[in-house]
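Coordinates in review
So the chains spell out like this:
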Amino acid sequence: MKQYLKVYNSLSSTKEKFEPLNPPHVGMYVCGPTVYSDVHLGNLRSFLSFDIVFRYLLHLGYKVRYVRNITDVGHLENDADEGEDKVAKKAKLENLEPMEVVHKYTQGFHRVTDIFNLKPPSIEPSASGHIIEQIELTQKILDAGFAYETNGSVYFDVMKYHKKSHYGILSGRVLEDLIAGTRELDGQDEKRGPLDFALWKKAAPSHIMRWPSPWSNGFPGWHLECSTMSTKYLGKQFDIHGGGIDLKFPHHECEIAQCVAGYDVPPVKYWMHANMLTINGQKMSKSLGNSILPHQLISGDHPLLEKAYSPMTIRFFMLQTHYRSTLDLSNQALIAASKGYKKIANGIRVLKQLQHPGTTMDNEIGKADQQLTQLCDNCYHAMNDDFNTAKTIAHLFNILKKINSIHNGQLKLTELSEDTFNRVKSTFLHFVEDVLGLMEERPDELDLLLSIVMETYQEAKINKQYDKVDAIRKQLKDQGIILKDMKTGVDWAYEE
Ligand code: ZN
């Protein structure tokens with residue numbers, strides 16, 4: 001049976017066969033964090049979802065250029081065109097330069113993505129590094145007649161655009177309904193229509209992040225940066241654009257409008273959205289006190305947490321739910337995930353030690369061989385079905401059962417052909433380590449092991465087994481560790 005990858009496209013609301021514009025190259029853009037605070041768990045889930053897309057496309061042999069931006073300017077409070085810039089507000093509160101805030105939270109974001117084993121994107125551009133390009137795109141949209149200037153600010157004319165194209169094509173929202181839901185503009189308003197959004201904003205005197213432009217000293221609108229940076233690095237049309245579901249409207253809707261207005265082509269072939277994360281069935285929010293940060297999950301330092309959970313436990317837990325479904329976090333689910341992850345980790349350790357003898361009893365090969373071939377195919381079926389990690393993990397557990405049967409002798413390796421065994425080995429290892437990105441987590445063993453060795457050393461000394469004493473000292477010295485006989489007992493140190 002011929003297999004191909006299917007992707008759920010938010011634009012058509014259906015699963016479509018994945019056919020990149022320029023195979024084997026794939027261009028993928030994902031809206032990155034706004035770096036004014038620690039990355040939220042919900043955001044982490046979203047970035048993890050696209051890490052899986054990135055990893056699986058690489059596994060299938062595509063050459064992926066993955067661009068994930070850093071929003072360091074232009075994202076105003078309430079995601080609207082009014083209010084303070086989120087970064088600038090934090091800078092004032094903490095008495096820092098805005099770029100100190102940006103640097104601090106960008107580094108924090110990278111620490112989190114490293115800990116959870118997210119692959120770094122191919123390019124990670126920042127909005128403040130692309131002001132010139134944003135001014136250029138604003139000018140293009142002005143020249144095309146889909147924007148207007150008022151008092152040094154430039155706004156996108158949604159009504160005019162909608163006459164030519166379709167505002168709402170991605171989100172399915174109806175323009176008339178949207179307008180009905182907004183307040184009436186008064187005579188003082190800079191905008192001509194209530195849905196119009198800023199491409200460029202003139203900075204108020206108190207606004208600290210500002211750049212010169214043909215219209216005013218000001219700063220770019222939030223939606224503009226993603227249109228600018230995605231098309232700069234991936235071309236006017238590219239394959240995949242991803243983000244959290246909360247970005248679908250208005251952010252992504254506005255991105256499409258800007259690109260169609262400026263470049264006259266729809267920018268993206270497949271729009272993908274990762275669903276939300278809830279906690280104990282509730283939306284996470286600061287006011288409910290149920291907002292948990294990634295580092296709190298790892299330390300266990302939060303009133304709602306019964307214990308600490310390791311990064312790979314959390315990663316595994318998130319992957320047990322398909323990215324388009326809501327993911328509910330609870331202690332119960334995390335404890336179950338911890339057990340599940342350790343089973344998989346043990347399976348890897350066992351599998352790495354197993355070798356097929358090379359010979360088989362021809363008459364014994366049959367059922368198990370066929371079953372395992374099917375189970376390997378199933379892993380691909382599941383991932384090809386819109387990156388269904390939940391089903392993939394279920395299939396990996398079925399393979400694991402067989403691995404454990406081999407390990408405890410119930411199933412003999414000679415009942416499998418060498419090819420099948422090698423396929424099982426490579427499928428299991430590749431899916432766990434490369435596609436799902438689950439790493440082995442070793443406990444900090446050094447102190448524990450050394451305390452055991454030092455006990456044995458002291459016993460040998462008391463029993464005057466000097467050969468053994470010398471052998472222990474020499475073996476540790478070969479590893480760069482020396483034992484010290486102290487009045488209080490034995491201690492160890494790194495050999496200087
Ligand atoms: Zn974006």
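What you are looking at is a predicted structure, and each value in this text was computed from that prediction instead of being measured.

Attention now goes to the domain arrangement of the protein chain. How big an interface is tends to be stated in terms of accessible area lost as the parts join. Looking at the protein chain, the domain boundaries give domain 1 (2–274), domain 2 (279–435) and domain 3 (446–494). One C-alpha centre belongs to domain 1, the other to domain 2; they are set 34 Å apart. Listed per partner, the contact involves 30 residues of domain 1 and 35 residues of domain 2. For the pair domain 1 and domain 2, the summed buried surface comes to about 2900 Å²; carbon and sulfur atoms form 65% of the total. For the pair domain 1 and domain 2, the interface holds 2 salt bridges. The salt bridge partner of Lys15 is Asp385, with a shortest N-O separation of 2.8 Å. Our count for the contact surface shared by domain 1 and domain 2 stands at 12 residue pairs in polar contact (both at pLDDT 80 or more).

Reading across from one edge, E5-E6-E7-E8 is the order of the 4 strands in this open sheet, with antiparallel pairing throughout. Only two strands of the sheet have a single partner each, and these edge strands are strand E5 (147–150) and strand E8 (218–220). Neighbouring strand axes in the sheet, compared pairwise and without regard to direction, differ in orientation by 20° on average. Taken together, the 3 bridges between strand E6 (residues 153–156) and strand E7 (residues 197–202) define a ladder with antiparallel strand orientation.

The next subject is the state of the cysteines. In this structure the tally under the stated criterion is 0 disulfides. In this structure Cys379 is not part of a disulfide, and its nearest cysteine sulfur, from Cys376, lies 6.4 Å away. Cys379 sits in the buried class, given a relative accessible area of 0%.

One way to put it is that helix H15 (residues 446–462) packs onto helix H16 (residues 466–478) with a least axis distance of 8 Å and a crossing angle of 150°. The angle between H15 and H16 falls in the class roughly antiparallel. Seen along the crossing, H15 lies across H16 with a hand that is left-handed. Taken together, the residues of H16 that come into contact with H15 (itself represented by Leu450, Val453, Thr456, Tyr457, Ala460 and Lys461) are Tyr466, Lys468, Val469, Ile472, Arg473 and Leu476. Looking at the contact of H15 with H16, its residues break down into 8 nonpolar, 1 polar and 3 charged.

Take the nonpolar core next. Counting residues in each nonpolar core, the largest one holds 131 residues, and the members touching the most others are Phe156 and Phe428. Considering each element in turn, this core owes the most residues, 10 residues, to helix H1 (residues 41–59). Two domains each put at least three residues into this core: domain 1 (2–274) and domain 2 (279–435). Sequence-distant contacts of Phe156, defined by excluding residues within four places in its chain, comprise Ile141, Phe146, Ala147, Tyr148, Tyr161, Asp196, Phe197, Leu199, Ala257, Gln258 and Ala261. Ranked by size, the runner-up nonpolar core spans 11 residues in total, among them Met454, Ala460, Leu476 and Leu483.

What follows concerns the pattern of salt bridges. Throughout the structure, instances matching the rule amount to 18 salt bridges. For Lys164, the salt bridge identified is with Asp264, shortest N-O distance 2.8 Å. Note that Lys164 is positioned in helix H5 (residues 158–164) and Asp264 in the loop between helix H8 (248–263) and strand E10 (268–274), a separation of 100 residues in sequence. Of the residues examined, Lys164 reaches a relative accessible area of 46% and is grouped as partly exposed. A salt bridge links Lys474 to Asp478; the nearest nitrogen and oxygen atoms lie 3.1 Å apart. You can see Lys474 and its partner Asp478 sitting in helix H16, 4 residues apart, about one turn around the helix. Like Asp478, Lys474 is exposed.

Bringing unusual backbone geometry into the picture now. The omega angle of the peptide bond from Pro23 to Pro24 is 5°, so this bond is cis rather than trans. When you line up the elements, Pro24 lands in the loop between strand E2 (14–17) and strand E3 (25–30). Here the amide bond leading from Phe249 into Pro250 is cis, since omega sits at 0°, within 30 degrees of zero. Mapped onto the elements, Pro250 comes out in helix H8. Residue Asp264 is not a glycine yet carries a positive backbone phi of 70°. Even without a glycine there, the phi angle at Asn280 is positive, about 45°.

Calculation notes
- Along each chain, the written sequence defines residue order, and numbers are assigned to residues from 1.
- Where totals are concerned, whole chains, interfaces and linings use all residues; where local detail is concerned, this predicted model gives features only for residues with pLDDT of at least 70, and gives and counts side-chain atom pairs only at 80 or more.
- As a rule here, side-chain values come from all non-hydrogen atoms in the structure, and water together with hydrogens is ignored.
- Residue ranges assigned to each domain were obtained from an automatic or database domain assignment.
- In this analysis, two residues are considered to be in contact whenever any of their non-hydrogen atoms come within 4.5 Å of each other.
- When two parts are put together, the accessible area they lose, computed with a 1.4 Å probe and summed over both, is reported as buried area.
- Should a side-chain nitrogen of Lys or Arg be within 4 Å of a carboxyl oxygen of Asp or Glu, the pair is scored as a salt bridge.
- N or O atoms closer than or at 3.5 Å make up a polar contact, with two conditions inside protein: a donor-capable atom paired with an acceptor-capable one, and, for residues adjacent in sequence, both atoms drawn from side chains.
- For two strands to be treated as a pair, DSSP must find no fewer than two bridges joining them.
- Only DSSP runs of H or I covering at least 4 residues are called helices, and only runs of E covering at least 2 are called strands; the numbering of each starts at the N terminus.
- Axis definition: a line fitted to C-alpha atoms, over the contacting stretch in the case of helices. Angles run 0 to 180 degrees between N-to-C directions.
- Two cysteine sulfur atoms make up a disulfide if the distance between them is within 2.5 Å.
- Under the scheme applied here, a residue whose accessible area is under 20% of the maximum for its type counts as buried, over 50% as exposed, and between as partly exposed, the area being computed with a 1.4 Å probe on protein chains only.
- Angle categories are assigned with fixed cut-offs, so that under 35 degrees is roughly parallel, over 145 is roughly antiparallel, 65 to 115 is roughly perpendicular, and the rest are oblique.
- By definition, any crossing whose near helix is turned counterclockwise from its far helix by less than a right angle is left-handed, and any crossing with a clockwise turn is right-handed.
- Classification used: nonpolar for Ala, Val, Leu, Ile, Met, Phe, Trp, Tyr, Cys and Pro, charged for Asp, Glu, Lys and Arg, polar for all others including Gly.
- Definition of nonpolar core: a set of buried residues of the types Ala, Val, Leu, Ile, Met, Phe, Trp, Tyr and Cys, connected through side-chain atoms within 4.5 Å.

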